Amino acid sequence: QVQLVESGGGSVQAGGSLRLSCAASGSIYETACMGWFRQAPGKEREGVAVIGRYMPAYADSVKGRFTISNDNAKKTLYLQMDSLKPEDTGMYYCAARHSTGLCPWNWRAGGADFDFWGQGTQVTVSS
């Protein structure tokens with residue numbers, strides 16, 4: 001019933017910027033926890049940023065460089081990525097929880113508690 005579609009990925013040089021979008025359809029609530037996750041080859045999926053009813057939270061590795069936001073009118077989640085580094089390279093996924101409230105305490109571990117996932121969009125940052 002809930003569908004998430006990511007867009008905005010691509011290739012960029014280190015220090016550049018990208019803006020990812022996640023268009024949501026279906027019964028998604030404005031207070032639901034939504035987030036961005038990424039996975040690089042040979043690595044486990046990790047949480048990048050989440051946003052719910054209150055202030056957003058970020059992984060330590062992206063804090064100060066990435067900004068997560070949403071537009072309720074457009075039902076779209078965004079991830080503004082600035083000062084990109086090669087280690088930011090990976091497949092980025094948009095995810096959402098079915099219920100409202102706080103985001104899972106362990107969201108940084110990979111998002112096992114998230115119910116809906118997009119198809120992913122590739123981000124490649126070159127040196």
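Computed from a prediction, not measured in an experiment: that's the story for all the values here. (Residues numbered from 1 in each chain as written. Predicted model: local features only at pLDDT ≥ 70, side-chain atom pairs only at ≥ 80, totals over all residues. Heavy atoms only, no water.)

**Details of the side chain of T121**
Put simply, the rule is: Starting at the N terminus, helices and strands are each numbered in turn, a helix being any DSSP run of H or I of at least four residues and a strand any DSSP run of E of at least two. Think of it in three bands: residues with accessible area under 20% of the maximum for their type are buried, residues over 50% are exposed, and the middle band is partly exposed, with areas taken using a 1.4 Å probe on protein chains only. Counting of polar contacts relies on pairs of N or O atoms within 3.5 Å, with two restrictions inside protein: one atom must be capable of donating a hydrogen and the other of accepting it, and residues adjacent in sequence are counted only when both atoms are side-chain atoms. Residues count as neighbours in contact if any of their non-hydrogen atoms are within 4.5 Å of one another.
Of note, T121 is situated in strand β11 (residues 121-126). In this structure T121 comes out as buried when scored by relative accessible area, which is 10%. For T121, the side chain forms a polar contact with the main-chain nitrogen of G9, separated by 3.1 Å. When near neighbours in sequence (up to four residues on either side) are disregarded, T121 contacts E6, S7, G8, G9, L20, G90, M91 and Y92.

**A closer look at the state of the cysteines**
Inclusion rule: Disulfide: a pair of cysteine sulfur atoms within 2.5 Å of each other.
Under the counting rule described, the total for this entry stands at two disulfides. Between the sulfur of C22 and that of C94 lies a disulfide, 2.1 Å long from S to S. Linking C22 and C94, the disulfide has an S-S dihedral of approximately -75° and is accordingly described as left-handed. Taken together, the residues C22 in strand β3 (residues 18-25) and C94 in strand β9 (residues 90-100) connect sequence positions 72 residues apart.

**Brief notes about the nonpolar core**
Applicable threshold: In these notes, a set of buried Ala, Val, Leu, Ile, Met, Phe, Trp, Tyr and Cys residues joined through side-chain atoms within 4.5 Å is what counts as a nonpolar core.
If you look at the biggest cluster of nonpolar residues, it comprises 28 residues, and the most contacted ones within it are W36, L79, M81 and Y92. If you list the elements that add at least two residues to this core, you get β3, β4 (32-39), β5 (46-51), β7 (66-71), β8 (76-81), β9 and β11. Ranked by the residues each element gives to this core, the list is headed by β3, at four residues. The residues touching Y92, leaving out its near neighbours within four places in the chain, are E6, L20, W36, F37, R38, V48, F66, L79, M81, G120, T121 and V123. Membership of the second largest hydrophobic core comes to six residues, among which are C33, F37, A95 and F114.

**Quick notes on the sheet that holds β3**
The pairing of strands in a sheet happens through backbone hydrogen bonds and is either parallel or antiparallel. Quick reminder of the rule: For two strands to be treated as a pair, DSSP must find no fewer than two bridges joining them. Convention adopted: a line fitted to C-alpha atoms gives each axis, helices being fitted over their contacting stretch, and angles between N-to-C directions are expressed from 0 to 180 degrees.
As summarised here, the arrangement of the four strands in space is β1-β3-β8-β7, forming an open sheet in which the pairing is antiparallel. Looking along the sheet, the strands with just one partner apiece sit at the ends: β1 (3-7) and β7. Neighbour-to-neighbour, the strand axes of this sheet turn through a mean angle of 15°, independent of strand direction.

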